[in-house]
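Analysis of the macromolecular model
Spelled out from the first residue to the last, the chains are:
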Amino acid sequence: MAPSTTSHCEHLTHPSPLTTGLAAVLLVGILVSYLPQHLKILSRRSSEGLSPWWVLLGALSSIAALGNILTLPASRQDIGCCQELGKGECAAALLGVGQIGCQWTCFMFIVMLFLIFFPSTTTTADLSSSVSSLTSSPPPKRRDAVIVASITVLALLVVGITSVALVASDPDHTQAWANFLGTVAGLLATIQYVPQIWYTYRLGDVKSLSVITMLIQVPGAFLFAFSLWQRVGWDGWSTWAVYVVTGILQGNLLGLAIFYYIRHGRMGKSSAGEADDGFTGVDDGDGATAGAENADERTTLLNRRRSENGTRTSRKSLPIANGTHTSNGSQRQLSMLYAATPPEHDSDRS
């Protein structure tokens, strides 16, 4: 092993407790932060509310970030030092790689759930969302899922094959490729939340977006960037700068999501209050109150009892004309006519 590599490994034999502890907490935090988002999609059995562009750009960004950390010379030196370090020291040295690897795995799971529970046209056009859909984004099309899946798989193949080929052919000159992937990851992360912010704004609802996930990830993004900066320094700016940008944009999306969450909560309470008020002293429009005041001897016994109890009376259809409902005035006129006409058996007796 080269002397520079050996000196680098000696530096890793005494990891900083603060840096190691922070990296371990962030690793667990990344996994915990994505769980609410996974569970919300699974519980709703729909990925409605997730912008296809957000999913695609997030997948491409995570792929580029993973390729960046794996091809970065400093990271590969850490991996090579595991041959000289103990298990605990090796685990501490690879926490930075584990963080990005865990984030890539969690976001790829979101991509998978997005494709599995992709909302169909009939699902997004139901009665519960028909009113809001008039002013919201158009329902996603199935081709959006095909585009997301195809480009994601293609990016995995291109980045994976190119990275392996460069590391195998010239392992000492992969810094440029790592910087390129880091720059691409940063640019994609910058663009990633723009369509989701616009999509959520037009939709007017968070739908399958998890507010809990964003509450954890916004401060976690800055801690993540600080942890990576401690490991790779300013020379590895392409590794940690992406998470600074992500934290800023995700904070804007979080503010928008909280606004809609609070507004819909207030609207739900006001709608419940109006529904409760609507059941008190409501006239059903069938003249039940007027029927109680104008009841006479010609009113049937059933209608008189209903009028006295103050209950609603449902419209009855009489077997006349075309079978449509008649008004109370028509019913009274018919009852008068029937009362004036003697029964058939009385006519026969006379």
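Reading the values: rules and limits
- Residues numbered from 1 in each chain as written.
- Predicted model: local features only at pLDDT ≥ 70, side-chain atom pairs only at ≥ 80, totals over all residues.
- Heavy atoms only, no water.
- Disulfide = S-S within 2.5 Å.
- Buried < 20%, exposed > 50% of the residue type's maximum accessible area, 1.4 Å probe, protein only.
- Salt bridge = Lys/Arg side-chain N within 4 Å of Asp/Glu carboxyl O.
- Helix = DSSP H or I, 4+ residues; strand = E, 2+ residues; numbered from the N terminus.
- Expected span 1.5 Å × (residues − 1).
- Contact = heavy atoms within 4.5 Å.
- UniProt positions renumbered as here; feature names shortened; annotations may be inferred.
- Core = buried A, V, L, I, M, F, W, Y, C linked by side-chain atoms within 4.5 Å.

Let us now look at the state of the cysteines. The full count for this structure, using the stated rule, is 1 disulfide. Across a sulfur-sulfur distance of 1.9 Å, Cys 82 and Cys 90 are joined as a disulfide pair. Across the disulfide from Cys 82 to Cys 90, rotation about the S-S bond amounts to roughly 80°, and the bridge is consequently right-handed. Residue Cys 90 is classed as buried on the basis of its relative accessible area, which comes to 14%. Free cysteine Cys 102: the closest other cysteine sulfur is in Cys 106, separated by 4.1 Å. With relative accessibility at 5%, the residue Cys 106 sits in the buried group.

Turning our eyes to something else, we now look at the pattern of salt bridges. Applying the stated criterion to the full structure yields 3 salt bridges. A salt bridge links Glu 48 to Arg 44, with the nearest nitrogen and oxygen atoms 3.8 Å apart. On the basis of relative accessibility, which here comes to 13%, the residue Glu 48 falls in the buried class. Across the pair Asp 205 and Lys 207 runs a salt bridge whose closest N-O atoms are separated by 4.0 Å.

Glancing now at helix H9 (residues 142-169). Compared with an ideal rise of 1.5 Å per residue, which puts 28 residues at 40 Å, H9 spans 41 Å between its outermost C-alpha atoms and is within 8% of the ideal. Lining the buried residues of H9 we find helix H3 (52-71), helix H6 (95-116) and helix H10 (175-203).

A few words on the environment of Val 244. Structurally, Val 244 can be placed in helix H12 (residues 237-278). Measuring from C-alpha to C-alpha, the distance between Val 244 and Phe 226 comes to 8.9 Å, with 18 residues separating the pair along the chain.

So, about helix H2 (residues 17-44). For H2, with 28 residues, the first-to-last C-alpha span of 41 Å sits near the 40 Å given by 1.5 Å per residue. Following H2 by one or two positions, Arg 45 has its phi on the positive side, about 50°.

UniProt annotation of "transmembrane region" (unreviewed entry) refers to residues 20-39, 51-71, 91-118, 145-168, 174-194, 206-228 and 240-262 when read in the numbering used here. With 78% helix and 0% strand, the stretch residues 206-228 has end C-alpha atoms that lie 31 Å from each other.

Time to look at the nonpolar core. Core analysis: the largest hydrophobic core is formed by 54 residues, its most contacted members being Ile 100 and Tyr 243. Elements with a minimum of two residues in this core: H2, H3, H6, H9, H10, helix H11 (211-232) and H12. Residue contributions to this core peak at 11 residues, all from H3. If you look at the next biggest cluster of nonpolar residues, it comprises 5 residues, including Leu 12, Cys 81, Leu 85 and Ala 93.

Structurally, Ser 62 is set in helix H3. Judged by relative accessible area, which is 10%, Ser 62 ranks as buried.

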